Amino acid sequence: MKVQFTETVLRDANQSLIATRLPFSSFEGILDTMDSAGYYSLECWGGATFDSCLRYLDEDPWERLRKIKAHCKNTKLQMLLRGQNLLGYKHYPDDVVRMFVKKSIENGIDIIRIFDALNDVRNIEVAVDETLKNGAVASGAISYTKSPIHDLEAYVKLARQMEEMGCQTITIKDMAGIMGPQEAYDTVKALKENVKLPIVLHTHCTTGLAPLTLQKAVEAGCDIIDTAISAFSGGTSQAPTEAMLYAFRQQGYETELDTAALKKINDFFKPIKEQFLKEGKLNPVVLSTDTDALNYQVPGGMLSNLVAQLTAQNKMDKFEEVLLETPRVRKDLGYPPLVTPMSQMVGVQATMNVLAGERYKNVSKEIKAYIRGEYGRAPGEIDPELQKKVLGDEKPITCRFADTLEPAFKKAKEEIGSLARSDEDVLSYIAFPTQAEAFFRKRAEKEKNTFKYSIKRID
Ligand code: CO
């Protein structure tokens, strides 16, 4: 019996608790210890890290990755990728997706966890293919959700498709922390019986279920679990690495983690957490347990969005109504998993339906695009009446949306010109045009000043 650990403190825990505000300099000093601690992998890039580096931390995300790699030669570095959406929510053409994956691996990534918000496997195919071509590990990730159509059979089918595609591991990605222990047991067991790949479980402590869920998953044969060093665990983050290790060792599981190294890592991150708390950059609310998502059919993050939306419009008296309308809208749309951006889209539409006093009197631009097929294939059937109302006689797209897009890398390279100094820069520009351009200008300005300074010194 063996269980392996992926440490999330550098990416998901950092993202979930402090909106990805850890600068590279804050954790550089512990990377060598992390590299020798015996983790299966370190999740350290992708998701929101890229955006946050450019927008808030004044860091080149590619350079950050190279610097992490320079310290971590033994442990695999892992990133999260939204398939055809890369790090954002829009679809990119294949040339951009391939270049992004290739460069990520060239700059130090060993494992790419690839998912699609709708579980439309066509949207992960290209990224998986390019990952394999470049010799890295592709982990096919299933966006976990609950609905009448998301049964074990559906998940097994997805996992099989990912296995056929060449994925080397399958990740169950429970971004909302709504997976219970029995569901974890049943899902992992079904996957283990039907695919030959190692199974990874990613969940969040949001509703308080995570440690129980991980326990049952491992009992069912789950091979790798995502955890966060305890200083950055709990709440909307992952379950604590040290506690899970303690529990599994006690039960006779073999692990490669070194407790002394974990203690060092935690002692390193403790004061960082204290500092974020003190400066008000870590809100204690995200550290607490919120079981509302277990009672309502919507994840915790979405509930707070709904409250904010209704409060802004002075309509909190409609909260219960909106809460009842949300699962209905989701059903009409063919049960999309409630992850970004679908969670916001469904929430906004439900609010519009209630506030207008008539369902789908107004339909948001995003929902129209979804019904048109621009996000991918809906998991279930979209309500035919709603489809007719939105599309009229227009036919929805049945091909993969990226097939309708022109190649974009070369054009972007010309557009950004000499401000970009590498293909990596061009990719930053494609992913986050405004932030990347501002970053490049600032970088050029800084260098000009250094240059002036050096001339003065020669004088
Ligand atoms: Co997550």
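Above this text you will find the structure in question.
So, a few notes on the structure that sits alongside this text. Sequence order sets the numbering: in each chain, residues are counted from 1 along the sequence as written. With the structure being a predicted model, the display of local features is reserved for residues of pLDDT at least 70 and the display and counting of side-chain atom pairs for 80 or more, all residues being used for whole-chain, interface and lining totals. As a rule here, side-chain values cover all heavy atoms of the structure and leave hydrogens and water aside.

Regarding the sheet that holds strand β3 (residues 76-81)
Two strands make a pair as long as DSSP finds a minimum of two bridges between them. Secondary structure is summarised from DSSP: a helix means a run of H or I of at least four residues, a strand means a run of E of at least two, and numbering begins at the N terminus for each. Strand order in the closed barrel formed by eight strands is β1-β2-β3-β4-β5-β6-β7-β8, with parallel pairing between adjacent strands. The sheet shows a mean angle of 30° between the axes of neighbouring strands, taken without regard to direction. Pairing analysis gives two bridges linking strand β1 (residues 4-7) to strand β2 (residues 41-46), with the strands arranged parallel. Residue pairing in the sheet places T6 in a bridge with S41 of β2. Any two residues whose heavy atoms approach within 4.5 Å at even a single point are treated as in contact. In this analysis, axes come from line fits to C-alpha atoms, helices being fitted only over the stretch in contact, and the angle between any two N-to-C directions falls in the range 0 to 180 degrees. Taken strand by strand, helix α6 (residues 94-106) contacts β2, β3 and β4 (111-115), and its axis lies near 160° from that of β3. Contacting β7 (199-202) and β8 (224-227), helix α10 (residues 210-219) runs over the sheet at an angle of about 165° to β8.

Describing the coordination of the cobalt ion
Donor atoms (N, O, S) are those found within 2.8 Å of the metal centre, with the cutoff raised to 3.2 Å for Na, K and Ca; water is not part of the atom list, so apparent gaps in a site can occur. At the metal site, the cobalt ion is ligated by D12 (OD), H202 (NE2) and H204 (NE2), and these contacts range over 2.1 Å. The sequence pattern describing where the donors of the cobalt ion fall on their chain is D-x189-H-x1-H. Of this pair, D12 sits in helix α1 (residues 12-18) while H202 sits in strand β7, and the two are 190 residues apart along the sequence. Pair check on accessibility: D12 and H202 agree, each one buried. Relative accessible area decides the class of each residue, using a 1.4 Å probe on protein chains only: under 20% of the type maximum gives buried, over 50% gives exposed, and in between gives partly exposed.

Examining the state of the cysteines
Linking two cysteines covalently through their sulfur atoms gives a disulfide. Our working definition of a disulfide is a cysteine sulfur pair at a distance within 2.5 Å. One pass over the full model with this rule turns up zero disulfides. Not part of a disulfide, C167 finds its nearest cysteine sulfur in C222, a span of 16 Å. C167 sits in the buried class, given a relative accessible area of 3%. We note that C222 lacks a disulfide partner, and the nearest cysteine sulfur, in C205, lies 15 Å from it.

Section: the pattern of salt bridges
Within this document, salt bridges are pairs made up of a side-chain nitrogen of Lys or Arg and a carboxyl oxygen of Asp or Glu, the two lying within 4 Å of each other. In total, this model carries 37 salt bridges according to the counting rule given. E394 serves as the salt-bridge partner of R372, at 3.4 Å between the closest nitrogen and oxygen. Taken together, the residues R372 in helix α17 (residues 365-372) and E394 in the loop between α18 (384-391) and α19 (409-416) connect sequence positions 22 residues apart. Look at R372 and you get partly exposed, because its relative accessible area is 24%.

So far we have only geometry, and geometry alone does not tell us how the molecule works.
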